[in-house]
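Architecture at a glance
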Amino acid sequence: MNKTSVNIIYLLGFQNVHNYRGVLFLIFLLLYVVTILGNLLITFLVSWSHNLSSPMYFFLSNLSTCDLLLTSVIVPLMMSVTIKEKMSISLPGCCAQLYFFGSLAGTECFLLAVMSFDRYVAICDPLHYSSIMNFRKCILLAFWSWFSAFTLILGIAVNTCKQDFCGPNVIDHFFCDGAPLLKLSCSDTTFLEIQNIVLGIPVGYIPFLYITATYISIAIAILRIPTSTGRQKAFYTCSSHLSVVSTYYGTLIVSTFFPVKDQLSNTKKAVSLLYTVVTPLANPIIYCMRNRELKKAFLQFCSYVTNKQPTNNY
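Residues numbered from 1 in each chain as written. Predicted model: local features only at pLDDT ≥ 70, side-chain atom pairs only at ≥ 80, totals over all residues. Heavy atoms only, no water.

As for the sheet that holds strand β2 (residues 87–90)
- Judged by pairing direction, the sheet is mixed, and its three strands sit side by side in the order β2-β1-β3 without closing on themselves. Of all strands in the sheet, those bounded by a partner on one side alone are β2 and β3 (170–171).
- Alignment of strand β1 (residues 8–11) against β2, held across four bridges, turns out to be antiparallel. By the bridge assignment for β2, I9 is matched with I89. (Pairing = 2+ DSSP bridges. Helix = DSSP H or I, 4+ residues; strand = E, 2+ residues; numbered from the N terminus.)

Brief notes about the environment of F110
- In this fold, F110 is placed in helix α3 (residues 91–124).
- Judged by its relative accessible area of 14%, F110 is buried.
- As for F110 and L141, which are separated by 31 residues in sequence, their C-alpha atoms are 9.1 Å apart. (Buried < 20%, exposed > 50% of the residue type's maximum accessible area, 1.4 Å probe, protein only.)

Concerning the pattern of salt bridges
- In the structure shown here, the tally under the stated rule is one salt bridge.
- The salt bridge partner of R119 is D118, with a shortest N-O separation of 2.8 Å.
- On the accessibility criterion, R119 (8% relative accessible area) is buried.
- Owing to a relative accessible area of 1%, D118 belongs among the buried residues under this scheme. (Salt bridge = Lys/Arg side-chain N within 4 Å of Asp/Glu carboxyl O.)

Structure follows, in C-alpha cells:
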C-alpha cells in the first residue's frame, strides 16, 4: 500500500488563548527562570557547603539536576508553541523529546524512592546509618537511578520511532507526549501499548509502592519514639521529602486516571503542566523554605560573598 511518510509533527499548544499568548509566554518564562535558578542554587549549595555533605543532600542535588533537565526538555519548546499559532518539530526530534522526558521522569521516581530509603535508614536504623549509607553506596544508588530509567525508556522511544506515521501529523498538545504521538501512527500499536504498561510498573508503580511502604514503616517508628521532641525532630527530617513525593505523584496519579477520551483536552493539558512545570518549580521552593540547613548554607554563602562573618540568625 502506498503510504505518505510524515517527517514533521505540528504541535497546537494552547488553543483558544489567542488574546493571552503574550501573557502566557511571560508567565512560562518567569516560571522557567525561577525553576532553573532554584534548582541550580540547591545544586551549588550542596557542592559548596561542607555542612550539606550528607547522603540526603547528595540525593537532593541529583533530584534538582533531574528537575532542571526535565523542565528544560519541555518548557522552551512550550514557550515557542505558546507564542506561535502552530509549532513544527521533526519526527526524530519529537521522539527525542519523548525519550528524554520519559527518562527524566523515571529518574525522578527512582531518586524519590532512594531518598525515602535514606530517610528510612536514618530514622529506623540510626546506629548503622553511616555504614549503610556510605559514599560508595550513595554513588551506586544515584548511578542506577539515572542508568535504569534511561535504559528502560530507550526501548519505548526506539519502538515509537519505528512506527509508520502516514498522517495526520498534528498533535493537540504542547509537547510530544507518548499517547498523542501514538494516535498519529498508522501501524498496529498494540505491542507498544503493552510495552508502555509493562515498563511503567518498574519505573513508576514499584517506586511509588516502595515509598508508601517505607513511610508506613517510618510513621510506625516515629510513633514509638517516647518524647514529643524526638517525634517532631524525626518527622521534620522527612517532611520536605514527603511534600515533594506528594506533589509529584499526586499530579502523575491525576494525569494517569483521566479518561482516555480526555487525553488531549484542555483539562489534560492543565494536568500535564503540573508535572512538567509546577513540580520542578515546587521542589526547590519546598526544600528551601522547609530546610534549615539549606537556609543556613545560603546565608553563609551570602556572608562569604560580602566578606562578612556568617550569621546564625536563620
